[in-house]
Amino acid sequence: MSCRKTPSLIVAVTLLMLFAVDLYPVNISIDPEIKYQQFEGWGTSLCWWAVLAGKWSENRRNELIGAIVDPDTGLGYNCFRYNIGGGDQPGHTHLAEARAVPGFKASENAPYDWTADVNQRNILLGIADRGKDLIFEAFSNSPPWWMTISGCASGNTNGADNLKPEYFSAFADYLTTVVKQYKEQWGITFRTVEPFNEPSSGYWKKDGGQEGCGFKSGQSRMVKELGEQLKSKELFPQTTVSAADETSLEQTFNTFKSYDDSAFSFVSQINSHSYGGWRFRSAVDSLAKAHDKNLWQSESGPLEKSDNSDIAMWMSHLIIQDLRVMKANAWLDWQVCDPVGDWITIELNHSTQTFKYTKRYYMHAAFSRFIRPGSQIIHSSDTNSVAAIDKDS
């Protein structure tokens with residue numbers, strides 16, 4: 001390793017030395033004079049693991065939260081996405097327990113129920129008490145069922161758009177009312193609010209297993225409605241809009257072609273998942289720079305992993321490329337306590353209220369304990385490495 005100057009540097013290599021049997025030297029040139037993005041941090045969505053873990057005793061919840069937020073003994077995550085549930089139609093039983101995030105308004109004429117979603121909120125408030133350098137985002141998977149065309153919060157027939165055209169304003173009002181309530185009652189200020197989740201994917205169909213809403217058209221209109229509601233409730237500009245959380249980088253790049261200037265005026269942050277479309281990493285970086293927007297890799301995981309390679313190696317490569325090429329200002333896992341196979345970082349046992357770490361956990365910690373919020377990504381010559389200067393040195 002060589003470098004021109006000697007400030008404190010943090011270099012993460014693709015864990016080659018940790019897992020390889022035959023070790024060999026890698027020469028990496030670090031240039032602190034070539035500076036890239038300021039890094040805001042690491043994080044995760046709270047749904048759906050928090051819906052179940054929020055039922056744990058306070059002591060057990062705090063142990064788990066510490067494993068996620070403590071920068072020395074845990075992952076040191078600081079970016080968290082709270083899911084504003086829509087709530088499905090009474091009598092629908094197709095959503096799994098963890099994926100049935102309660103909404104705050106059971107029907108169009110019902111009052112807001114602020115006792116709803118206590119379990120996810122337990123985790124959110126616990127993080128707020130214990131975390132550092134925290135950034136909170138609120139996001140929606142689906143509008144409330146009574147705003148949808150299908151009458152179902154998991155989607156429409158064949159994955160079509162599912163918000164009734166006359167309910168754009170009502171949906172914006174719903175989201176911003178929840179955001180305002182969290183600020184005033186629980187002291188949580190969401191920096192951004194995101195009205196979509198993978199809106200162009202076509203995944204979200206009626207009677208599916210999780211909340212979802214197609215939103216292939218009308219995104220620009222929805223962003224403006226949401227921005228105007230944030231202004232009318234005096235939440236803007238402290239809380240702004242993020243968009244569009246498309247499932248792939250290619251979809252993100254193509255989606256923003258439909259946004260007009262007035263929509264962009266409310267958007268402070270471009271969110272993109274990095275499940276696929278990886279050849280568009282540079283294009284998404286250029287898109288964010290052209291519009292002077294923050295850029296988050298807001299959700300990822302091994303959705304398109306098609307080989308038998310080690311999951312820690314596979315994910316570390318994904319992270320490094322998202323930082324090097326996409327130049328994301330933050331990197332967020334889908335859900336840190338996902339219960340399925342290669343997706344698991346922390347494995348939860350809800351019956352005993354205990355947890356254990358997987359190899360993925362230590363891989364994530366190798367990044368998140370060292371490249372801390374406020375660090376600046378700098379040039380490193382090797383494509384399997386990322387380097388940063390710590391903000392305190």
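Being a predicted model, the structure only gives us computed values, none of them experimental.

Colleague: Residues and numbers for the overall build of the protein, please.
Modeller: For the protein, the count of helices and strands is 11 helices and 15 strands. For the protein, whose C-alpha radius of gyration is 21 Å, the value lies close to the compact-globule estimate of 21 Å for 393 residues. A principal-axis box enclosing the C-alpha atoms of the protein has dimensions of 65 × 50 × 40 Å. Taking all 393 residues of the protein together, the buried fraction comes to 58%. Within the protein, contacts between residues separated by at least 24 positions form 77% of all contacts whose residues are at least 6 apart in sequence. A total of about 15,700 Å² of accessible surface is found on the protein, and carbon and sulfur atoms cover 49% of it. Of note, the protein has its 37 positive side-chain charges centred 1 Å away from the centre of its 46 negative side-chain charges.

Colleague: Explain the pairing of strand 5 (residues 79-83) residue by residue, including any values.
Modeller: In terms of burial, strand 5 is a largely internal element, five of the five residues being buried. Because side chains alternate across strand 5, one face comprises the buried residues Cys 79, Arg 81 and Asn 83, and the other comprises Phe 80 and Tyr 82, equally buried. Pairing geometry for strand 4 (residues 41-45) and strand 5, over three bridges, is parallel. Across the sheet, the residue bridging to Ser 45 is Arg 81, located in strand 5. As judged from the five bridges shared by strand 5 and strand 6 (residues 135-139), these two strands associate in the parallel manner. Its bridge partner being in strand 6, Cys 79 is matched across the sheet by Ile 135. Once you follow strand 5 into helix 4 (residues 118-130) and on to strand 6, the crossover reads as right-handed.

Colleague: Give me the side chain of Lys 305: which residues, what numbers.
Modeller: Mapped onto the elements, Lys 305 comes out in the loop between strand 10 (294-299) and helix 10 (311-324). From its side chain, Lys 305 meets the backbone oxygen of Ser 309 in a polar contact 2.8 Å long. In this structure, Lys 305 is in contact with Ile 311, Trp 314 and Asp 342, ignoring residues within four places of it in sequence.

Colleague: Explain the sheet that holds strand 5 residue by residue, including any values.
Modeller: The strand order around the closed barrel formed by eight strands is 4-5-6-7-8-9-10-11, and the pairing between neighbours is parallel. Ignoring which end each strand starts from, the neighbouring axes of this sheet average 25° apart. Direction of pairing for strand 7 (residues 192-194) relative to strand 8 (residues 240-246): parallel, over a ladder of two bridges. Paired with Val 193 across the strands is Val 241, a residue of strand 8. Against the sheet, helix 10 engages strand 4, strand 10 and strand 11 (330-333), with an angle of about 150° to strand 11.

Colleague: Please provide a residue-by-residue account of the confidence of the model for the protein, values included.
Modeller: A low pLDDT score tells you not to read the predicted coordinates there in detail. Taken residue by residue, the protein gives an average pLDDT of 94. The fraction at 70 or more is 94%. Across residues 1-7 the pLDDT falls below 50, and counting only partners more than four positions away or on other chains, this stretch makes 15 contacts in the model. Low pLDDT (under 50) marks residues 14-20, which in the prediction has 20 contacts with non-local residues, meaning those over four places away or in another chain.

Colleague: Report on the packing of helix 5 (residues 168-186) against helix 6 (residues 219-232), specifying residues and quantitative values.
Modeller: Across the interface, helix 5 lies against helix 6 with an axial gap of 9 Å and an inter-helix angle of 50°. In terms of orientation, helix 5 and helix 6 fall into the oblique class. Crossing of helix 5 over helix 6 shows right-handed handedness. Within the contact between the two elements, helix 5 uses Phe 168, Ser 169, Phe 171, Ala 172, Asp 173, Leu 175 and Thr 176 and helix 6 uses Arg 221, Met 222, Glu 225, Leu 226, Gln 229 and Leu 230.

What counts and how
- Residues numbered from 1 in each chain as written.
- Predicted model: local features only at pLDDT ≥ 70, side-chain atom pairs only at ≥ 80, totals over all residues.
- Heavy atoms only, no water.
- Helix = DSSP H or I, 4+ residues; strand = E, 2+ residues; numbered from the N terminus.
- Rg over C-alpha atoms; globule rule 2.2 N^0.38 Å.
- Buried < 20%, exposed > 50% of the residue type's maximum accessible area, 1.4 Å probe, protein only.
- Contact = heavy atoms within 4.5 Å.
- Areas by Shrake-Rupley, 256 points an atom, 1.4 Å probe, with all protein chains shown as cover.
- Lys, Arg positive; Asp, Glu negative; His and termini not counted.
- Charge placed at Lys NZ, Arg CZ, Asp CG, Glu CD.
- Pairing = 2+ DSSP bridges.
- Right-handed = clockwise from strand over helix to strand, strands pointing away.
- Polar contact = N/O pair within 3.5 Å; in protein donor to acceptor, adjacent residues only side chain to side chain.
- Axes fitted to C-alpha atoms, helices over the stretch in contact; angles between N-to-C directions.
- pLDDT = per-residue confidence, 0-100.
- Parallel < 35°, antiparallel > 145°, perpendicular 65-115°, else oblique.
- Left-handed = near helix turned anticlockwise from the far one by under 90°.

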